[in-house]
Amino acid sequence: MKEIFDLTYKLLMFLSRITGFSYKEINIIIWFIVIPLSWTFLIDKIRGKHFFKIGFVAITTLAFLFIKDFSEFSNTLFDASAEFLRGFDSIGSNYTTTSVVICVLAPLVIYILLIRKAYFRKM
């Protein structure tokens, strides 16, 4: 788990350097915007409609209209997310393991299921 965590951290730091966003901002952009948006595209492909991606973009756009300082918003949301992940310490997990399971493995499983249903379903 540590290796996956470290690799993910290095990727996020690389993205931070090339985009100019902070590490926390990149985290929020990827896990709260890019990944859910990509899921809406797959769900819409499955359903044959454009409802979810249009709805997600509309809600995200509205949210950004009310966020005065994206950096402050990202810091607050990242810290709350980290606190949530640390909450699993009480059941014998740790931040690193919980981060990998919830933020890497769970999204990968969701991608596999959605891609399979969107592109490899039986006709």
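Predicted, not measured: the structure shown is a model, and the values here were computed from it.

A. Representation of the packing of helix α1 (residues 2-19) against helix α5 (residues 95-119). The contact between α1 and α5 brings their axes to 9 Å, and the two run at 70 degrees. For the element pair α1 / α5, the angle class is roughly perpendicular. Crossing handedness for the pair α1 and α5: left-handed. Here Lys-2, Ile-4, Phe-5 and Thr-8 of α1 come into contact with α5, specifically with Tyr-95, Thr-96, Ser-99, Val-100 and Val-104. Considered class by class, the residues forming the contact of α1 with α5 number five nonpolar, three polar and one charged.

B. Region of the structure containing the pattern of salt bridges. Following the criterion strictly, the structure yields four salt bridges and no others. We note a salt bridge from Lys-2 to Asp-6, for which the minimum N-O separation is 3.1 Å. With Lys-2 and Asp-6 both in helix α1, this residue pair falls four residues apart, about one helical turn. Accessibility expressed as a relative area gives 27% for Asp-6, which makes it partly exposed.

What counts and how
- Residues numbered from 1 in each chain as written.
- Predicted model: local features only at pLDDT ≥ 70, side-chain atom pairs only at ≥ 80, totals over all residues.
- Heavy atoms only, no water.
- Axes fitted to C-alpha atoms, helices over the stretch in contact; angles between N-to-C directions.
- Helix = DSSP H or I, 4+ residues; strand = E, 2+ residues; numbered from the N terminus.
- Parallel < 35°, antiparallel > 145°, perpendicular 65-115°, else oblique.
- Left-handed = near helix turned anticlockwise from the far one by under 90°.
- Contact = heavy atoms within 4.5 Å.
- Nonpolar A, V, L, I, M, F, W, Y, C, P; charged D, E, K, R; others polar.
- Salt bridge = Lys/Arg side-chain N within 4 Å of Asp/Glu carboxyl O.
- Buried < 20%, exposed > 50% of the residue type's maximum accessible area, 1.4 Å probe, protein only.

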